[in-house]
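This is what each chain is made of:
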Amino acid sequence: MGSANQSNTARKARIEEMRRAERARERRNRILTIVASAVVVGGLVAGGVVLVRSQSGDGDGGGKAASDSSAKGKFVTGADGVKTWEGELARNHVTKAVKYASTPPVGGDHNLAWMNCNGDVYTKEINNTNAVHSLEHGAVWVTYNAKAKKADVDALAAKVKKTPYTLMSPLDGQKDPIMLSAWGHQRTVTGADDPNVDKFFEKFVQGKQTPEPGAACTNGLAQ
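Described in the following lines is the structure provided in the data block. What you see is a predicted model, and the numbers here were worked out from it, not measured in a lab.

Points about the overall build of the chain
From N to C terminus, the chain includes 4 helices and 7 strands. Mapped in sequence order, the helices and strands of the chain form the string α-β-β-β-α-β-α-β-β-β-α. Counting only contacts in the chain whose residues sit at least 6 apart along the sequence, the fraction spanning at least 24 positions is 69%. Surface exposure of the chain reaches about 12700 Å², of which carbon and sulfur atoms provide 55%.

Focus: the sheet that holds strand S3 (residues 118-121)
Overall, mixed pairing links the 7 strands, which are arranged S1-S2-S7-S6-S4-S5-S3 in an open sheet. Every other strand in the sheet has two partners, leaving strand S1 (74-77) and S3 as the edge strands with one partner each. The mean inter-strand angle of the sheet, taken between neighbouring strand axes irrespective of direction, is 20°. Pairing analysis gives 4 bridges linking strand S6 (residues 178-182) to strand S7 (residues 185-188), with the strands arranged antiparallel. For Leu180, the partnering residue across the bridge sits in S7 and is Arg187. Contacts between helix H2 (residues 128-136) and the sheet are confined to strand S4 (140-144), strand S5 (166-170) and S6, with S4 contributing the most and set at about 140° to the helix.

Some remarks on the state of the cysteines
Tallied over the full model, the rule gives 1 disulfide. Disulfide pairing is shown between Cys117 and Cys217; the S-S distance is 1.6 Å. On the sign convention where negative is left-handed, the bridge of Cys117 and Cys217, at about -90° about the S-S bond, is left-handed. Highlighted residues: Cys117 in the loop between strand S2 (83-86) and S3 and Cys217 in the segment after helix H4 (195-204), separated in sequence by 100 residues. Cys217 matches Cys117 in its accessibility class, with the two residues each being buried.

Here we look at unusual backbone geometry
Omega for the peptide link from Thr103 to Pro104 comes to -5°, which places this bond in the cis form. Assignment of secondary structure puts Pro104 in the loop between S2 and S3. With a phi angle near 55°, Gln206 is a residue other than glycine that sits in the positive phi range. Along the polypeptide, Gln206 turns up in the segment after H4. If you check the backbone angles, Asn219 has positive phi at about 60° while not being a glycine. Among the secondary structure elements, Asn219 is positioned in the segment after H4. Taking the relative accessible area as the measure of exposure, Asn219 reaches 76% and is therefore exposed.

Quick notes on the rules
- Residues numbered from 1 in each chain as written.
- Predicted model: local features only at pLDDT ≥ 70, side-chain atom pairs only at ≥ 80, totals over all residues.
- Heavy atoms only, no water.
- Helix = DSSP H or I, 4+ residues; strand = E, 2+ residues; numbered from the N terminus.
- Contact = heavy atoms within 4.5 Å.
- Areas by Shrake-Rupley, 256 points an atom, 1.4 Å probe, with all protein chains shown as cover.
- Pairing = 2+ DSSP bridges.
- Axes fitted to C-alpha atoms, helices over the stretch in contact; angles between N-to-C directions.
- Disulfide = S-S within 2.5 Å.
- Buried < 20%, exposed > 50% of the residue type's maximum accessible area, 1.4 Å probe, protein only.

What follows is the structure, given as structure tokens:
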């Protein structure tokens, strides 16, 4: 009897020791899981901050300008008055400013975020790097400076508002009062009633020049 009792006591002791070891392993596993989760969440938060800064930061100011391979080409004007860029147009996503070869630009490195271009009319200048991303999606960008007549600006704004994959904004740095730009293409028009406005829209809104046809023109940036 004494031997049997001693055996039972020893077995219970071993079982209890095994249970303690198992509970210790479970605690360690829980701690490791919590730590790993914290690391993953921290990484996601940091990545989100970078993305938000990339999307909402000033794409044309601050920091050193990124290189732009579009400077290696040149415009060639066709018989229809449309200027076509002959040369490479880079398509990298950048967070810094880009020194474009033309004003307005017709392509090149650009910000990760596009400007909304679903018939959006902006009353203030927008960042070139965001607008270029819209061109990559097949949008036509209507720009004007202080020399443009108010009647023309109003009429063009009405047309843009009715046309998906277009956007419009003032751009004082351009040489002509009213200009139309698409990816790799550009022209000057004399006013809202210039027939070349409709011709440009018809050819280049989601035209063959579009690097990313069908890409979104909504859920981007807006003023």
